[in-house]
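# Descriptive structure summary
Spelled out from the first residue to the last, the chains are:
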Amino acid sequence: AAQREMEVGVASAGIVGGTAVKEGAITVMGEVGVDISGYTSDAMADFDHERFDAVISCCGCGDKLNDEKAVWKARALFEDWNLDDPPAIDPGDLSEFRRVRDEIKVKVEELLDFLAE
């Protein structure tokens, strides 16, 4: 990927927060040198939508952003990547965690290229 010179802040949240980061995710991210063991799953309600230019729904949850949550879809960029949920489909060998991790990497690189234009 091309080198980019820009500053990007990142936050991760779900419709409901308070769940632990899955061990499978921690393991496969560690395999590529990224330590996410100290991260938590936060709720969207913990964030101010006005502070975000781009919002990505990873698991097809964009259709659940109704009523007071609809403001998230009104940001300058909203995408629903509709990724599979590895804990729901992994056969126990972390293959689905790895596949989704790699899909996310490609999508993030494409997003950064788009934002840098």
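Below, the discussion takes up the overall build of the chain. Within the chain, the secondary structure is distributed over three helices and four strands. Moving toward the C terminus, one meets the helices and strands of the chain in the order β-α-β-β-β-α-α. Taking 117 residues into account, the globule formula puts the C-alpha radius of gyration at 13 Å, and the chain, at 15 Å, falls close to it. By principal-axis analysis of the C-alpha atoms, the chain measures approximately 40 × 35 × 25 Å. Counting all 117 residues of the chain, 24% fall into the buried class. Counted over contacts in the chain with a minimum sequence separation of 6, partners at least 24 positions apart contribute 56%. When the accessible surface of the chain is summed, it comes to about 8100 Å², and 50% of that surface belongs to carbon and sulfur atoms. Charge-centre separation for the chain: the mean point of 12 positive side chains lies 2 Å from the mean point of 26 negative side chains.

Right, let's get into the pairing of strand E3 (residues 54-57). The alternating pattern of E3 places Val55 and Ser57 on a buried face and Ala54 and Ile56 on a face that is not buried. Sheet topology places E3 next to strand E4 (residues 77-80); four bridges connect them, and they run parallel. Looking across to E4, one finds that valine 55 is bridged to phenylalanine 78.

What follows is about the pattern of salt bridges. When the charged atoms of two side chains with opposite charge come close together, those side chains can pair. Evaluated as defined, the whole model comprises eight salt bridges. Lysine 69 is paired through a salt bridge with glutamate 68; the nearest N and O atoms lie 3.5 Å apart. On the basis of relative accessibility, which here comes to 24%, the residue lysine 69 falls in the partly exposed class. Between arginine 101 and aspartate 102 there is a salt bridge, and its shortest N-O distance comes to 2.9 Å. Look at the salt bridges and you will find they share partners, linking Glu31, Arg98, Arg101 and Asp102 into a network.

What counts, and at which threshold
Within each chain, residues carry numbers counting from 1 in the order of the written sequence. Where local features are concerned, this predicted model is filtered to residues with pLDDT of at least 70; where side-chain atom pairs are given and counted, the filter is 80 or more; whole-chain, interface and lining totals use all residues. For side-chain calculations, the full set of non-hydrogen atoms in the structure is used, while hydrogens and water are omitted. To qualify as a helix, a DSSP run of H or I must reach at least 4 residues; to qualify as a strand, a run of E must reach at least 2; elements of each kind are numbered from the N terminus. Using C-alpha atoms as the atom set, the radius of gyration is obtained and then compared with a globule rule of 2.2 Å times the number of residues to the power 0.38. Think of it in three bands: residues with accessible area under 20% of the maximum for their type are buried, residues over 50% are exposed, and the middle band is partly exposed, with areas taken using a 1.4 Å probe on protein chains only. Two residues qualify as a contact provided that any one of their heavy atoms is within 4.5 Å of a heavy atom in the partner residue. Where accessible areas are quoted, they stem from the Shrake-Rupley method and a 1.4 Å probe; at the residue level, only the protein chains shown are allowed to cover. Think of it this way: Lys and Arg go in the positive column, Asp and Glu in the negative one, and His and the chain ends go nowhere. By convention, the point assigned to a charge is CZ for Arg, NZ for Lys, CD for Glu and CG for Asp. Being paired, for any two strands, means DSSP has found at least two bridges between them. Think of a salt bridge as a Lys or Arg side-chain nitrogen and an Asp or Glu carboxyl oxygen that are within 4 Å of each other.

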